[in-house]
Amino acid sequence: MKRPIELSDISRYRGELMGLAMLFVMLFHVWMPRSNPMYGLVRCGNVGVDIFLLLSGVGLWYSWSKTPSAKHFFKRRLLRIYPAWVVMASLFYIPNYINTPGGGYSPDIPNLVANILVGWSFWRVDDLTFWFVPAIMALYIIAPAYMSLIRRYPAYRWTPALAMVLAVMVQYYPPVHQAVGHLEIFFSRVPIFLIGVNLGAWVKERRTLDGQAMWLVVAAFVMSLAMCVEFEEAWRGRFPLFIERMVYIPLTLSMVVLLAQMLRKTPLAVRRALAFIGTISLELYLIHIQFVMKYITPYKLGYCLTALTMIAVSLVLAWLLSKIISKVVG
């Protein structure tokens, strides 16, 4: 391959890539029997979370380098995430508190309020209902400090390597495991987010990779995908999940580069559809499991029909939610 790999394509097709990541996650959440030949591949759709975190890191670098103001940074993040979060968290946690013996995820009113405000039960008892939102909010809190640090001291771009060690410590080092072991799903995703921030500088500077590097990218993709499929089909439940999430790192990086190359030749109509999904990815995440798939699954429509129905209904509801919130927030 002679043409250089343009890292700026990651930014150019960021919306489309986020749309694909959201579709991967939604397809991952639909139940499929282990006997299905596609089981391992579909289960790898969980990597959509890592793709989204990588792209979020890239986008944050763009935003921060343009306006390096913590006030401006947090205001933009708050307006994008918080209104939709409070609405959907209220619709889930208030009925859960009222209808579940012992209050469900909210044993008392203070916990209920904390769940609605910051997703407290994720940090308290590993409540995975909407875990990604409190997780990304926590990453947003540390992002300005990290971006300021690496701008001043570039050597700290190696911090993701320490984050990988921390993920191992969360699983195996007793003091750390006892304190935050229940939050493995969060700590094992910190490295890819920080890598995304690091990558943001290269993307913004429009750096390129030699075209021959595509063979390395393809090798990384094939090897990591093969290992993740093997984990899902043969080893699920027999190894700490953070190990697979470490393999997600090269899978995510290689997949984003390859998908960006594919999107160059994708029809405009398809790209627009994916970009639309990307713009309402937050709303889709908050809606698709607890407010759509939960009510479709009992009909036992099979994987494909369940997935298509869930995606179609979720798209409509997510679009309506985004429109209503945009009008209220202004």
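Residues numbered from 1 in each chain as written. Predicted model: local features only at pLDDT ≥ 70, side-chain atom pairs only at ≥ 80, totals over all residues. Heavy atoms only, no water.

A. Just the pattern of salt bridges, in detail. Going through the model one piece at a time under the given rule, you end up with nine salt bridges. Note that E283 and R80 form a salt bridge whose closest N and O atoms lie 3.1 Å from each other. Highlighted residues: E283 in helix α16 (residues 281–296) and R80 in helix α5 (residues 70–99), separated in sequence by 203 residues. Here E184 makes a salt bridge to R245, at a shortest N to O gap of 2.9 Å. (Salt bridge = Lys/Arg side-chain N within 4 Å of Asp/Glu carboxyl O. Helix = DSSP H or I, 4+ residues; strand = E, 2+ residues; numbered from the N terminus.)

B. The packing of helix α13 (residues 214–235) against helix α14 (residues 241–263), seen in detail. Relative orientation of the contacting elements α13 and α14 amounts to 135°, with a least axis distance of 8 Å. Accordingly, the angle class assigned to the pair α13 and α14 is oblique. Note on packing geometry: the crossing formed by α13 with α14 is left-handed. Contacts between α13 and α14 pair M214, V217, V218, A220, F221, S224, L225, M227, C228, F231 and E232 from the former with I243, E244, V247, Y248, P250, L251, S254, M255, V257, L258 and Q261 from the latter. For the contact of α13 with α14, a count of residues per class yields 17 nonpolar, three polar and two charged. (Axes fitted to C-alpha atoms, helices over the stretch in contact; angles between N-to-C directions. Parallel < 35°, antiparallel > 145°, perpendicular 65-115°, else oblique. Left-handed = near helix turned anticlockwise from the far one by under 90°. Contact = heavy atoms within 4.5 Å. Nonpolar A, V, L, I, M, F, W, Y, C, P; charged D, E, K, R; others polar.)

C. Representation of helix α4 (residues 47–66). The end-to-end C-alpha distance of α4 is 29 Å, a good match for the 28 Å that 20 residues give at a rise of 1.5 Å each. With 18 of its 20 residues buried, α4 lies for the most part within the structure. (Expected span 1.5 Å × (residues − 1). Buried < 20%, exposed > 50% of the residue type's maximum accessible area, 1.4 Å probe, protein only.)

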